Each structure stands twice: as structure tokens, then as C-alpha cells.
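# Coordinate inspection notes
Each chain is listed here by its residues.
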Amino acid sequence: MAAQQKSFNEVIDYLNTFANNHLQIKNFGMGFRSEINTIMTIDNEYPFLFVEPLSHTINNQIQTYTLRIYCMDIKQKDGSNQTDVLSDTLQILNDLYKYIINDNTDNYNIVNIPQAIPNTNYGVEYCTGWFMDTQIQVIINDRDCDIPL
């Protein structure tokens, strides 16, 4: 199947589909860093995947979405499960990476080498996990017939 143009909404839907089908992920959200607290406190379902848009570029027929993807969970107050939380949330991000690079539709491509950064007590106390900045490339239709003129 040939690659097709993808909008920002379609990229987010694609990531949400991954989250909905992953057996460990309990919640998915998208927004800016200031909005991550909402998913942490209101929905209160962990672990969760949260996508923050960072940038968008267009070069020739390629658009690149740079996204910061968080995977977070709650550790015990005594920290006894910290290693498990860090291991599980990192594995979920690794699963997402594999999901994208093995997409057999050729619609999505990761072009950077994502680096996962651990973080803790971000937003709410005892919330621990990782985030990674990921550049996802998709094609853009270079014809003007789809411009609403």
C-alpha cells in the first residue's frame, strides 16, 4: 500500500489506537505540558501515555511532527516499586517505537533516534516514568487540488 498524507489529527489518532490496544496503558491524552496535570489527577488511571506537540516542519513532500511522548505511572510512597515503574514505562515507549517502525502501511516513519529521559514527581507526587522526543514523518500531498479554494 502506498503512503498517504496524514494530518495532525490522524497522527494523534494513530498513537491513541496504539494506547487503546496496548494491554498495560490505561489512559491516553494529548496537549501541552501544562495540561498533563489534568490527565494525572482527574482521570487517575495509570500508566498513561501523553503526547505533547513540539514542532512541525515541511520539506518537499515530507512533513515531520516532533512530539514529546510521556509514559508515566505511580510509584509506591516508599519507592519500593520504582524500578518496576521505570522498567514498565520504558518498555511501553519501546513498544510504541516498534509499533511505528513496523507499520506495514508505510504511512509513518521515525527519523530521529529517540532518547528516553526519566522523570519523577512531575505534575503529581510519586508520578514516575519517561518521556521521549520523537520525530514522525509522513508525506504531504504536493498537489493543490485539496486546498479549499
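This text gives an overview of the structure that appears in the document.

### Quick notes on the overall build of the protein
- The number of helices and strands found in the protein is 3 helices and 6 strands.
- When the elements of the protein are put in sequence order from the N terminus, they spell out α-β-α-β-β-α-β-β-β.
- Counting over 149 residues, the protein shows a buried share of 40%.
- Residue pairs at least 24 apart in sequence account for 59% of intrachain contacts in the protein once pairs closer than 6 positions are excluded.
- Accessible area of the protein: about 8,500 Å², with a carbon and sulfur share of 47%.

### Structural notes on the pattern of salt bridges
- Taken as a whole and assessed by the stated rule, the structure comprises 2 salt bridges.
- Between D133 and R68 there is a salt bridge whose closest N-O contact spans 2.6 Å. In this pair, D133 sits in strand β6 (residues 127–139) while R68 sits in strand β3 (residues 62–74), placing the two residues 65 residues apart along the sequence.
- Of the charged contacts in the structure, one is a salt bridge between D95 and K98, with a shortest N-O distance of 3.6 Å. Here the residue D95 and the residue K98 both occupy positions in helix α3 (residues 82–101), the gap between them amounting to 3 residues, near one helical turn.
- Exposure remark for K98: the relative accessible area of 41% places this residue in the partly exposed category.

### Overview of the environment of V124
- With respect to the helices and strands, the residue V124 is situated in the loop between β5 (116–120) and β6.
- The exposure class of V124 is buried, given its relative accessible area of 17%.
- With 83 residues separating them in the primary sequence, V124 and T41 have C-alpha atoms 7.5 Å apart.
- Here V124 is in contact with M40, T41, Y46 and I74, once residues within four sequence places are set aside.

### Observations concerning helix α2 (residues 36–43)
- I36, I39 and M40 are the residues of α2 that are buried. Buried residues of α2, viewed axially, fall in a sector of 95°; they line one side.
- Where α2 is buried, its residues touch β1 (27–30), β2 (48–59), β3 and β6.
- Backbone geometry just downstream of α2 places N44 in the positive-phi region, at approximately 50°.

### Observations concerning the packing of aromatic side chains
- Scanning all chains against the criterion turns up 7 aromatic pairs.
- Each residue in the set Y14, F18, Y99 and Y108 is aromatic and connected to the rest through ring pairs, giving one cluster.

### Here's the deal with helix α1 (residues 8–21)
- In a regular helix each residue adds 1.5 Å, so 14 residues correspond to 20 Å; α1 covers 20 Å between its end C-alpha atoms and thus fits that length.
- When we look at burial in α1, the residues that qualify are V11, I12, Y14, L15, F18 and A19. End-on view of α1: buried residues confined to an arc of 155°, all on one side of the axis. The outward face of α1, more than 90 degrees from its buried face, is lined by the exposed residues N9, N20 and N21.

### A closer look at the packing of α1 against α3
- Running from N to C, α1 and α3 cross one another at 125°; their axes reach a closest spacing of 11 Å. Here α1 is positioned oblique relative to α3, judged by the angle of their axes. As for the relative orientation of α1 and α3, their crossing is right-handed in sense. Judged by residue contacts, Y14, L15, T17 and F18 of α1 engage I92, D95, L96, Y99 and I100 from α3.
- Its residues placed into classes, the contact of α1 with α3 shows 7 nonpolar, 1 polar and 1 charged.

Conventions and cut-offs
Residues numbered from 1 in each chain as written. Predicted model: local features only at pLDDT ≥ 70, side-chain atom pairs only at ≥ 80, totals over all residues. Heavy atoms only, no water. Helix = DSSP H or I, 4+ residues; strand = E, 2+ residues; numbered from the N terminus. Buried < 20%, exposed > 50% of the residue type's maximum accessible area, 1.4 Å probe, protein only. Contact = heavy atoms within 4.5 Å. Areas by Shrake-Rupley, 256 points an atom, 1.4 Å probe, with all protein chains shown as cover. Salt bridge = Lys/Arg side-chain N within 4 Å of Asp/Glu carboxyl O. Arc of directions from axis to C-beta. Phe/Tyr/Trp six-rings, centres within 6.5 Å; stacked < 30°, edge-to-face > 60°. Expected span 1.5 Å × (residues − 1). Axes fitted to C-alpha atoms, helices over the stretch in contact; angles between N-to-C directions. Parallel < 35°, antiparallel > 145°, perpendicular 65-115°, else oblique. Left-handed = near helix turned anticlockwise from the far one by under 90°. Nonpolar A, V, L, I, M, F, W, Y, C, P; charged D, E, K, R; others polar.

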